[in-house]
Amino acid sequence: MRITVIGSGYVGLVTGACLSDLGFKVVCLDKDEEKIRSLQEGVVPIYEPGLKELLARNRADGRIRFTTNVSEAIEHGDIIFIAVGTPPAEDGSADLGHVLSVAATIGRHLKGFKLVVNKSTVPVGTADRVRVAISHELSHRGMPLDYFDVISNPEFLKEGAAIDDFMRPDRIVVGVDDGVNQVKSKRMMGDLYASFNRHHSRTVWMDVRSAELTKYAANAMLATRISFMNEIANLADILGADVDQIRRGIGADSRIGHGFLYAGCGYGGSCFPKDTQALVSTAKAHGQLMRLVSATEQVNENQKTLLVDRLTQRMGSDLTGRKIAVWGLSFKPNTDDMREATSRVVIQSLLKLGAQVCAYDPVAGSEALIALKADCEHKPGLMDRFELASDDMQALEGADALMVLTEWKIFHNPDFQAMKALMRRPFILDGRNLYNPEALSEMGIAYQGVGRRNDLAQLLSFEAETASDVSQTSDQENRLQMINA
Ligand SMILES: NC(=O)c1ccc[n+]([C@@H]2O[C@H](COP(=O)([O-])OP(=O)(O)OC[C@H]3O[C@@H](n4cnc5c(N)ncnc54)[C@H](O)[C@@H]3O)[C@@H](O)[C@H]2O)c1
């Protein structure tokens, strides 16, 4: 069986790379010529651990290639995966423009039976629309309408651990509907994923609509767990409890489990925010409210500005002359993906409040710069106060506070004494609860986590310093001199 993957982004590339590693002959198609050129030259346009090596190996062995040639790509695969983006439209619903355009393209080029597998995250009913789009083109060409089947195989990989997730899936959801091609489609998908089902069956077979909704239900559930813990953390902060202890306490309950119970400064990424929005929007279109999912989104929006709120509580809302260091820009570790990253909201807020921001990320620096420039496009001068540091320690020089926004491993065990020496004020706002509040307190470092005990940070009166230190200096140059002094 030969495989075509349409859309060579995070999901398409991982799918293509992993299937080629299982021995299938794979062609990856994308409409982005530059992306395909890079891939043909062995340059992988995204950062995903292990992906570069996997692609290089299978490219060298002739099992995977990349093209922009649509007819060649569609001719190649017995199975054609659709793995294009489904970004949010203005109203929050999933924009199916790319998916439906790919469907029409398939219909225009199809010559014999193809199994069209939708891997993109799409609202219920999309497979029907893909079917209609393909049939429409086939009937134009006078071709038989049973030359294809459309099924659903949503993807559950996590960026940063995508290869492992694909190669060792918890489950594989496949939605196939009744019809003339049902038996053939099930057999093909069974063969495709046979390697993963050898010890026990991981495939969960269902109808297409249920498969489509399963993906949204999974992401909404995970996002809800995070927002729930964030609300508990915010309450713990007020009550003097420690959310990390609470997390262990409830995670030990087998009915709850330990996963996705980490409080922090909000989730981001290309999936949870857009998928929860799309779910709410689908429900609304059918006259139903998704109250819980809407609340999950709302809590997350607030959580993204929590650290800035905590900072201004202590420093006042005019951060002019303050230098804030930021560690971590990507929405999570081990990726350079900046889509909906908390850092974008935090950095924009800090810049708007007058702060100078110096940020470090081990991988996502250049992607972050592109994203932040786009965010600040209509806010002249804002980005003038933003700079990227070349390493984590450089970001701290003369800083009035450090915000930790992404839990990259390199940030887990820093040299706190060196940090203290570099910073103008040793104050850490830990958006991922990486550090031990007591240990930092003993070192004389003010600490603000999310739902931790923050006694030292509470005691420090930054407001007073704000008044005496910098409020009089309106001239930018003087302010920078003061910071550097
Ligand atoms: N990124 C994730 O972690 C993840 C996980 C699970 C599911 N998903 C879902 O998978 C889908 C793809 O996500 P992604 O993150 O890989 O997106 P992406 O933006 O990284 O990649 C999409 C690719 O599709 C290409 N494309 C768009 N229209 C095309 C067309 N007509 N022909 C050929 N190529 C075309 C784009 O150029 C781009 O390279 C989305 O629906 C997403 O929700 C993503």
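Residues numbered from 1 in each chain as written. Predicted model: local features only at pLDDT ≥ 70, side-chain atom pairs only at ≥ 80, totals over all residues. Heavy atoms only, no water.

Caption draft 1: The overall build of the chain, seen in detail. Helices and strands together make up the secondary structure of the chain, namely 21 helices and 14 strands. A globule of 485 residues ought to have a C-alpha radius of gyration of about 23 Å, and the chain, at 25 Å, matches this closely. Dimensions along the principal axes, computed over C-alpha positions, put the chain at roughly 80 × 50 × 40 Å. By the burial criterion, 53% of the 485 residues in the chain qualify as buried. A fraction of 75% describes how many contacts in the chain between residues 6 or more apart in sequence connect residues 24 or more apart. Working note: accessible area of the chain is about 21,300 Å², and carbon and sulfur atoms make up 51% of it. (Helix = DSSP H or I, 4+ residues; strand = E, 2+ residues; numbered from the N terminus. Rg over C-alpha atoms; globule rule 2.2 N^0.38 Å. Buried < 20%, exposed > 50% of the residue type's maximum accessible area, 1.4 Å probe, protein only. Contact = heavy atoms within 4.5 Å. Areas by Shrake-Rupley, 256 points an atom, 1.4 Å probe, with all protein chains shown as cover.)

Caption draft 2: Region of interest: the pairing of strand 8 (residues 203-206). Sheet topology note: the strand 7 (residues 172-175)/strand 8 ladder contains four bridges and is parallel. Bridging from a neighbouring strand, Val174 pairs with Trp205 of strand 8. Handedness of the β-α-β unit built from strand 7, helix 8 (residues 182-192) and strand 8 comes out right-handed. (Pairing = 2+ DSSP bridges. Right-handed = clockwise from strand over helix to strand, strands pointing away.)

Caption draft 3: Unusual backbone geometry, seen in detail. One non-glycine residue, Phe260, lies in the positive phi region at around 55°. Relative to the elements of secondary structure, Phe260 occurs in the loop between helix 10 (243-251) and helix 11 (272-285). Look at Asn334: it is not a glycine, yet its phi comes out positive at around 65°. Structurally, Asn334 is set in the loop between strand 9 (323-327) and helix 14 (342-352). Its relative accessible area of 30% is what places Asn334 among the partly exposed residues.

Caption draft 4: Expanded view of the pairing of strand 9. Of all the five residues making up strand 9, five are buried; the element is thus mostly covered by neighbouring parts of the structure. Burial along strand 9 is two-sided: Lys323, Ala325 and Trp327 and Ile324 and Val326, pointing in opposite directions, are all buried. For strand 9 and strand 10 (residues 356-360), the ladder comprises five bridges, and the chain directions are parallel. What sits directly across from Val326, in strand 10, is Ala359. Handedness of the crossover joining strand 9 and strand 10 through helix 14 is recorded here as right-handed. Both strand 9 and strand 12 (residues 401-404) contribute to a ladder of four bridges, which runs parallel.

Caption draft 5: Structural detail: helix 13 (residues 306-315). Where burial is concerned, most of helix 13 is hidden: eight out of the ten residues are buried. Of all the positions in helix 13, only Leu306, Leu307, Val308, Arg310, Leu311, Thr312, Arg314 and Met315 are classed as buried. Where helix 13 terminates, the next one or two residues include Gly316, which has phi positive at roughly 85°.

Caption draft 6: View of the environment of Ile410. Within the secondary structure, Ile410 sits in the loop between strand 12 and helix 17 (416-422). With sequence-adjacent residues up to four places away left out, Ile410 is seen in contact with Pro362 and Asp392.

Caption draft 7: Expanded view of the site of the ligand. The environment of the ligand is formed by 27 residues, the closest being Asp30, Lys35, Thr86, Glu159 and Lys274. In this structure, Thr86 approaches the ligand through a side-chain N or O atom, which is 2.6 Å from an oxygen atom. Protein chains bury 89% of the 830 Å² of accessible surface belonging to the ligand in isolation. No other element matches the three residues that helix 5 (residues 97-109) contributes to the shell around the ligand. Class assignment for the residues of the shell around the ligand results in eight nonpolar, ten polar and nine charged. (Near = heavy atom within 4 Å. Polar contact = N/O pair within 3.5 Å; in protein donor to acceptor, adjacent residues only side chain to side chain. Nonpolar A, V, L, I, M, F, W, Y, C, P; charged D, E, K, R; others polar.)

Caption draft 8: Region of interest: the domain arrangement of the chain. Taken domain by domain, the chain holds domain 1 (2-206), domain 2 (216-301) and domain 3 (305-484). For domain 1 and domain 2, the distance between their C-alpha centres works out to 30 Å. Across the boundary between the two partners, domain 1 contributes 13 residues, which contact nine residues of domain 2. Summing both sides of the interface, domain 1 and domain 2 together bury roughly 800 Å²; the carbon and sulfur share of this comes to 57%. Summed over the shared surface of domain 1 and domain 2, the result is zero salt bridges. Taken together, domain 1 and domain 2 are joined by two residue pairs in polar contact (both at pLDDT 80 or more). Across the side of domain 1 that touches domain 2, the residue classes break down as six nonpolar, four polar and three charged. (Domains from an automatic or database assignment. Buried area = accessible area lost by both parts, 1.4 Å probe. Salt bridge = Lys/Arg side-chain N within 4 Å of Asp/Glu carboxyl O.)

Caption draft 9: Layout of the sheet that holds strand 11 (residues 386-388). Taken in spatial order, the six strands make up an open sheet running 11-10-9-12-13-14, and their pairing is parallel. This sheet does not close on itself; its edge strands, each paired only once, are strand 11 and strand 14 (446-448). When the angles between neighbouring strand axes are averaged without regard to direction, this sheet yields 20°. Bridging between strand 13 (residues 427-430) and strand 14 involves three bridges; their strand directions are parallel. By the bridge assignment, Phe427 is partnered in strand 14 with Ala446. (Axes fitted to C-alpha atoms, helices over the stretch in contact; angles between N-to-C directions.)

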